[in-house]
Amino acid sequence: MDLVSTLVAVLGEDGAVIFANAALETALGQSRRTLEGADVGSFFTDASILRNGLSGARGADFAALRFESSLRRGSQDPLPVHVHLSCVEQGGDVLVECWPLEAQARQDREERLREQALANKELIRNLAHEIKNPLGGIRGAAQLLEMDLPSPDLQEYTQVIIHEADRLQSLVDRLLAPHRHPHQVGDVNIHEVCERVRSLVLVEFPRGLSIKRDYDISIPEFRGDREQLIQALLNIVQNAAQALTERIILGGDAEIILRTRVARQVTFGRQRYRLALDLHVIDNGPGVPEAIKERIFYPLVTGRDGGSGLGLTLAQTFVQRHHGLIECDSVPGRTDFRILIPLP
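Residues numbered from 1 in each chain as written. Predicted model: local features only at pLDDT ≥ 70, side-chain atom pairs only at ≥ 80, totals over all residues. Heavy atoms only, no water.

## Some remarks on the pattern of salt bridges
As a reminder of what qualifies: The term salt bridge refers to a side-chain nitrogen of Lys or Arg lying within 4 Å of a carboxyl oxygen of Asp or Glu. Think of it this way: any DSSP run of H or I at least four residues long counts as a helix, any run of E at least two long counts as a strand, and we number them from the N terminus. Under the scheme applied here, a residue whose accessible area is under 20% of the maximum for its type counts as buried, over 50% as exposed, and between as partly exposed, the area being computed with a 1.4 Å probe on protein chains only.
All told, the structure shown has 13 salt bridges when counted by the stated rule. When the shortest N-O distance is used, the salt bridge between Arg139 and Asp166 registers 2.5 Å. With a gap of 27 residues between them, Arg139 in helix H4 (residues 101–147) and Asp166 in helix H5 (residues 155–180) connect regions that are remote in the sequence. Given the relative accessible area of 33%, Asp166 is considered partly exposed. Here Arg223 makes a salt bridge to Asp187, at a shortest N to O gap of 3.1 Å. One end of the pair, Arg223, is in strand S8 (residues 222–224); the other, Asp187, is in strand S6 (residues 186–188), and 36 residues separate them in sequence. Here Arg223 and Asp187 have matching classes, each one exposed. Bridged by salt links that share partners, the residues Asp214, Arg259 and Arg261 form one connected network.

In structure tokens form, the structure reads like this:
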């Protein structure tokens with residue numbers, strides 16, 4: 001029960017808690033020792049629904065009952081939850097399971113992102129291969145045609161064909177890049193990754209941009225593909241820097257923060273992790289346009305003139321290869337890309 005993300009309590013016949021799992025401890029901010037023996041009704045803002053449910057369970061009025069309520073959390077705001085009551089087959093105990101409504105919505109969103117990423121991966125791979133073969137024929141035919149042209153002035157037109165074919169070939173290669181290279185697993189120090197990315201971006205933007213460090217140096221090394229993580233983080237930080245271009249030129253007060261923390265008892269990808277890397281890329285730019293906020297990780301979606309729309313797609317792909325995910329929270333003046341990756 002301590003390995004599941006659901007908040008779970010087992011109640012005795014008197015309604016007192018005889019077991020509480022780690023997720024419930026975390027949600028209520030109380031230790032298991034404190035919770036055990038307590039009246040479960042004291043956890044909820046509306047205890048009457050729960051007590052009526054327990055009475056029905058003891059009277060065998062139903063096999064299971066579902067309802068929505070809120071958990072008390074001391075000085076924090078109540079936590080809205082979906083509650084499921086069911087009778088344990090032996091012993092007459094009652095099992096109480098709670099799913100935070102916000103967490104449930106987040107899990108559904110993550111699941112949609114993951115399914116969309118898989119669909120995009122298959123679509124891109126098939127589309128890229130379908131484009132790649134005709135492109136070679138178009139380019140070869142243009143070269144042969146150029147050799148037989150009677151006038152050198154006409155070569156300008158064949159050069160346009162060749163140039164555009166090469167541009168499309170470059171785009172196709174970028175689309176296929178994540179699927180071509182094998183996963184090279186080794187020990188990764190996330191701060192070495194951050195420092196490498198920081199130095200690369202500052203070379204590109206030497207004036208007007210500040211990239212601040214806010215590191216938790218206690219974060220352990222973990223197994224992963226260092227080059228893929230560098231590329232994923234570089235794509236995000238470069239996007240942030242490009243979004244800050246106007247601020248870099250006019251004010252010189254553009255700022256990006258690289259923040260690393262350890263997240264404890266977190267759930268993503270419908271799985272609970274004891275420890276996870278919590279890496280934030282925060283900038284003070286104009287924010288992600290509202291029109292594309294829900295689609296920024298889709299391929300070929302971009303809010304910037306001249307952008308390819310592949311940077312965040314590739315970043316999400318590389319992070320998902322590490323069983324992690326990328327989230328984005330953006331308002332004008334503050335955009336926060338959050339990378340979560342399980343730690344050992």
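Additional details are given in the paragraphs that follow.
## As for the packing of helix H7 (residues 226–243) against helix H9 (residues 311–320)
Under the convention used in this document: To get an axis, a line is fitted to the C-alpha atoms, and for a helix only the part in contact is used. The angle between two axes follows their N-to-C directions and goes from 0 to 180 degrees. For any pair of crossing helices, the crossing counts as left-handed if the nearer helix is rotated counterclockwise from the farther one by less than a right angle, and right-handed if it is rotated clockwise. Only heavy atoms enter the contact rule, under which two residues are in contact if any of them lie within 4.5 Å. Polar here means any residue other than Ala, Val, Leu, Ile, Met, Phe, Trp, Tyr, Cys and Pro, which are nonpolar, and Asp, Glu, Lys and Arg, which are charged; Gly is therefore polar.
Packing of H7 against H9 brings their axes to within 8 Å, and their N-to-C directions diverge by 145°. The two elements H7 and H9 cross, and the hand of that crossing is left-handed. For the pair formed by H7 and H9, the contact residues are Gln228, Gln231, Ala232, Asn235, Ile236 and Asn239 on the first element and Gly311, Leu312, Leu314, Ala315, Phe318 and Val319 on the second. In the contact of H7 with H9, the residues fall into seven nonpolar, five polar and no charged.

## Some thoughts on the sheet that holds strand S4 (residues 76–87)
Convention followed: Two strands pair under a simple rule: DSSP has to find at least two bridges between them.
Strand order in the open sheet formed by five strands is S2-S1-S5-S4-S3, and the pairing between neighbours is antiparallel. Strand pairing shows two members of the sheet lacking a second neighbour, strand S2 (17–20) and strand S3 (64–73), which therefore form its edges. Shown here is a sheet whose adjacent strand axes are inclined to one another by a mean of 30°, direction ignored. Pairing of S4 with strand S5 (residues 94–100) involves seven bridges; the strand directions are antiparallel. What sits directly across from Leu85, in S5, is Val96.

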